[in-house]
Amino acid sequence: MSFRPPAAPDRFAPRFAELATFMRAPLAEAITDADIGIFGIPYDGALTNRPGARHGPREIRNQSSLIRAVNHATRVDPFALARVRDMGDVPFESMFDIEATHEAIARFSGDLVAAKVLPLGIGGDHSVSLPLLRAVATGGPVALIHVDAHTDTWDSFQGSKFNHGAPFRRAVEEGLIDPTATIQIGIRGTQNAAEGWDYSESCGMRVVFCEELHDRGPQAIAEEARALVGDRAVYLSFDIDSLDPVYAPGTGTPEIGGMTTHQAQVLLRGLRGLQYVGADLVEVSPPLDNGTVTSLAGAALSYEILCLLAERFAT
Ligand code: MN
Ligand code: MN
């Protein structure tokens, strides 16, 4: 494997060169190489509407070559704090079978968790959060910070309980997340029924509709999330459709009235210092994008999430 890029990324080398790993992070040679493992989940077989998120990981990696290591707002350099590796993509053997695909994702991320590697999954449709939660919630239900236009707590669609509008309902049923330690941020958009919103609220989740985020500001919402989660093990799931379609048109179910990219940065930077056990960023659909604006936002916000994970390794 000596043909691969060096184990320490050369940040001063031309970033458009070489394989498009995430931010030019080295490809992992072994699972034990990493403190944080970034991996692609190129799967959109559980979508209910516009397709294309299977192409998200590759284009996010491509656009991530524009992101540099040091965060101008926090001065965090994740590559200085932790061994960050690109683990490649989850290999699929049954991509026409949602449940078998979810098993493959749970196995892949479970191997990372068993090797004490923090998983950061790049989707893919939002159904992939369920198998990721199965992998990280080994010690009982975790807290959840979920940023999205949709609660994704709906039930079956077209006969499947595992569609991308349902992962967090299934996660409650499977005992993977504690709904009373769950906050859903940025919720908005029309629905055919209120059933998903009602489910979230009736099982004790804190549901922050986007109007409240605009009224109170992302910093106040982040502080509330930190207080709710406390020092519990927490998973962070970020759906790119939480952004307004002006900033993220390349996604399957866009909803107007969403966050700006700046608000998303402020929100994420307000979530430092938590006990993260894993994270994902999902629903980027390059075929629906205008240019590469959505993939760039996905790459830059994945970087902000990477900074949050890396601070767990700060000494
Ligand atoms: Mn979602
Ligand atoms: Mn959504």
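What you are looking at is a predicted structure, and each value in this text was computed from that prediction instead of being measured. (Residues numbered from 1 in each chain as written. Chains lettered and ligands numbered in written order. Predicted model: local features only at pLDDT ≥ 70, side-chain atom pairs only at ≥ 80, totals over all residues. Heavy atoms only, no water.)

Some points on the sheet that holds strand β3 (residues 118-123)
Here is step 1: The strand order across the open sheet built from eight strands is β2-β1-β3-β8-β7-β4-β5-β6, with neighbouring strands paired in parallel fashion. The open sheet has two edge strands with one neighbour each: β2 (84-89) and β6 (206-209). Looking at each pair of strands side by side, their axes are set apart by 15 degrees on average, direction ignored.
Here is step 2: Alignment of strand β1 (residues 36-41) against β2, held across four bridges, turns out to be parallel. Bridged to Gly40 within β2 is Asp89.
Here is step 3: Contacts from helix α3 (residues 98-114) reach β1, β2 and β3, with the element oriented near 170 degrees to β1. (Pairing = 2+ DSSP bridges. Helix = DSSP H or I, 4+ residues; strand = E, 2+ residues; numbered from the N terminus. Axes fitted to C-alpha atoms, helices over the stretch in contact; angles between N-to-C directions. Contact = heavy atoms within 4.5 Å.)

Things to note about the packing of aromatic side chains
Here is step 1: By the definition in use, this model includes four aromatic pairs.
Here is step 2: Between Phe39 and Phe108, the aromatic rings sit 5.0 Å apart at their centres with planes inclined by 45 degrees, giving tilted as the arrangement. Residue Phe39 is found in strand β1, and its partner Phe108 is found in helix α3; the two are separated by 69 residues along the sequence. The same class applies to Phe39 as to Phe108, namely buried.
Here is step 3: With 6.0 Å between their ring centres and 70 degrees between their planes, Trp197 and Phe209 make a pair best called edge-to-face. (Phe/Tyr/Trp six-rings, centres within 6.5 Å; stacked < 30°, edge-to-face > 60°. Buried < 20%, exposed > 50% of the residue type's maximum accessible area, 1.4 Å probe, protein only.)

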